[in-house]
Amino acid sequence: MTAPAPCSYKGPPFGVTATSPGHLPELSVPPVRQQLGQRRESVRRFNKSFLVAVVSAGLLAGSLPAFAAPIGPSAPAAAAVPVLPSEVRDYTWFNTKQDAADMHKGVAEHVRRLIDAASPGATLSLTLYYFSRLEIVEALRNAAARGVRVRVVVDGWMVHDPKGVPFYKALKAIPSIRVVGCDPRGSGGEPVRACMSNRMGSAPLSERPVMHDKFMTISSVQLAGGGTANDVLYVSSANLDYYAAYESALTITHAGLYKDYLAYFEDLMRHGSLGSVNNNYGKTFRASEHRVYTFPRKEAAGRGPRSATNDPVAEILRRTPCGSSVRTQVDLANFRIQRRAVVNELIAAQARGCKVRVVTGDDAFAALKTLARAMPVRLCGHTEAGGMPVHEKFMILRRGTQSTLYVGSHNLTYRALRQNDEAILALRNHAIAGPYKKRFDYLHAECNPWKPSPNVAPATNTEIVSS
């Protein structure tokens, strides 16, 4: 397999070489039902074309398509393709509207290059909430064939839903790979749990938990020019699919963070394979000045799931200093902002003197309406003209020369806090915060100012989609 060029997207050169992006046409924002409907239609169109392509290959009939066929005795295993050092050392990827034909092509190609570079004998651990890209399946098959220890954890939806089953079967067909599907019930019905959690109840926890993570660790990759990079960690807001949305990803090398994410992955794999339950798994891993926050986290005894208890995002904002001679800036880009405690802390931070900027991709939540009445909120969402939502999940706190970047899979919903398998990576005073600051500036310029209508009652949302 020939490795593609390191940077695949067209448009403003974000990341290490970021420049100030231009403004794009303004977007109007329809109700959330229309947004969700358009997402389902996008997924439906892709899956229809995919199924047409694979039915003739026999996958749905129980046989394997060509890309998943076992390698014959005389076929040599695909050699590792060295990756540029820049792709594993403080690498960032951001898409733009110019990538509309395939918004996830760039991140999928980056992930494929990382997998292709995995050294024989290395351990590769990948979480997939939802995926539909055959190039990832092919890369994993080639890695396993050359002796990489490949392990994958997928959400139960991929195991049971007709749209996900072909991709799940393709993974399971790879010789020597270990695939754990969370909630692999024999009945074939809807999954009812994530890897860790089976907590369900009345609103706001009426939907099932999901394994929502989007990260990968590789113990060793081969580098162009010779040598290897160890302890590689990839974290993204994007699923490896074809959803049209603004997304981001990073890849770094860090022994402590690699160890923490690997421990978390092995907990996911163990709970998913054994069917054991932990509805209060949430931990805080520490790697020097950096942190990893995992979920779900249960509220304090006697409190409801909407309370601020055991909510690390609300607690971080509560403890953020704002006054004195140096002003703190809070930049938040998150697809879904539902939690009242987080909104209250954003408003309180502004009142203390912090500069707070907010960009989101879903206008359905009552708490967001409260926030928008207290401060400017910018919204990017689906439109009939083809607008795209902000699907990102990052926050930057900056005070003078100090900064902390928070990234991961975590929407600011009750489901993400109390039910889902999720992770937030916190990088303290890390070089990668610079590109993310420029990314936020781009989104802030791209998305429209939004105010809720004073004549419309606050909407509710049962979290049908948790992407």
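Once a new chain begins, its residue numbering starts again from 1 and follows that chain's sequence as written. Owing to the predicted nature of the model, reporting of local features is limited to residues with pLDDT of at least 70; listing and counting of side-chain atom pairs is limited to 80 or more, with chain, interface and lining totals taken over all residues. Computation of side-chain values: all heavy atoms of the structure, hydrogens and water removed.

Enquirer: Give me the sheet that holds strand β14 (residues 402-408): which residues, what numbers.
Expert: Here the rule is simple: two strands pair whenever DSSP picks up at least two bridges between them. For the purposes of this entry, the term helix denotes a DSSP run of H or I that reaches at least four residues, the term strand denotes a run of E that reaches at least two, and both are numbered from the N terminus. The mixed open sheet is built from nine strands, whose spatial order is β8-β9-β15-β14-β13-β10-β11-β12-β16. In this open sheet, the two strands that pair with only one neighbour each are β8 (284-287) and β16 (448-450). Across this sheet, the average inter-strand angle for adjacent strands is 20 degrees, counted without regard to direction. Axis geometry follows a simple rule: fit a line to the C-alpha atoms, using only the stretch in contact for helices, then measure angles between N-to-C directions, giving values from 0 to 180 degrees.

Enquirer: Describe the layout of surface pockets, listing the residues and the values that go with them.
Expert: Computed from the structure, the second largest pocket encloses a volume of approximately 410 Å³. Lining residues are defined by having an atom within 4 Å of a point belonging to a cavity or pocket. Those points lie on a 1 Å grid over the protein atoms alone, cavities being sets where a 1.4 Å probe fits but cannot get out and pockets being open sets with protein on both sides within 12 Å along at least five of seven lines. Forming the walls of the second largest pocket are 20 residues, and the residues nearest its centre are Ile316, Leu397, Thr404, Tyr406 and Arg428. Among the elements of the structure, β8, β9 (290-295), β13 (393-399), β14 and β15 (422-428) are those that each provide at least two residues to the lining of the second largest pocket. For the lining of the second largest pocket, the leading source of residues is β14, giving four residues. For this scheme, ten residues count as nonpolar: Ala, Val, Leu, Ile, Met, Phe, Trp, Tyr, Cys and Pro. Four count as charged, namely Asp, Glu, Lys and Arg, and the remainder, Gly too, count as polar. Tallied by class, residues from the lining of the second largest pocket come to seven nonpolar, six polar and seven charged. Grid points are joined across faces, edges and corners, and a volume is the space filled by probe spheres set on the points.

Enquirer: Which residues make up the nonpolar core, and what values do they have?
Expert: In plain words, nonpolar cores are sets of buried Ala, Val, Leu, Ile, Met, Phe, Trp, Tyr and Cys residues tied together by side-chain atoms within 4.5 Å. Only protein chains enter the accessibility calculation, which uses a 1.4 Å probe; a residue whose area is less than 20% of its type maximum is buried, one above 50% is exposed, and one in between is partly exposed. Of all hydrophobic cores here, the largest spans 46 residues; its most connected members are Leu124, Leu140, Val152 and Leu171. Here this core gets six residues from one element, more than from any other, and that element is helix α3 (residues 134-145). Setting aside residues up to four positions removed in sequence, Leu171 forms contacts with Leu128, Phe131, Val137, Leu140, Val152, Val154, Ile177 and Val179. Two residues form a contact once any of their heavy atoms are found within 4.5 Å.

Enquirer: Any chance you could break down the state of the cysteines for me, citing the residues and the numbers?
Expert: The disulfide definition used here is simple: a pair of cysteine sulfur atoms within 2.5 Å. On inspection of all chains with the given rule, the structure shows three disulfides. Here Cys182 engages in a disulfide with Cys195; their sulfurs sit 1.7 Å apart. Placement of Cys182 in the loop between β4 (178-181) and β5 (215-222) and of Cys195 in the loop between β4 and β5 is noted, with a sequence separation of 13 residues between them. For the pair Cys182 and Cys195, one class covers both residues: buried. There is a disulfide in this structure between Cys322 and Cys354, and the S-S distance comes to 1.8 Å. Because the sign of the S-S torsion sets the handedness, a value of about -85 degrees for the bond joining Cys322 and Cys354 places this disulfide among the left-handed ones. Residue Cys322 is found in the loop between α7 (312-318) and β10 (328-334), and its partner Cys354 is found in the loop between α8 (340-351) and β11 (355-360); the two are separated by 32 residues along the sequence. The pair formed by Cys322 and Cys354 is uniform in burial state, with each residue classed as buried.

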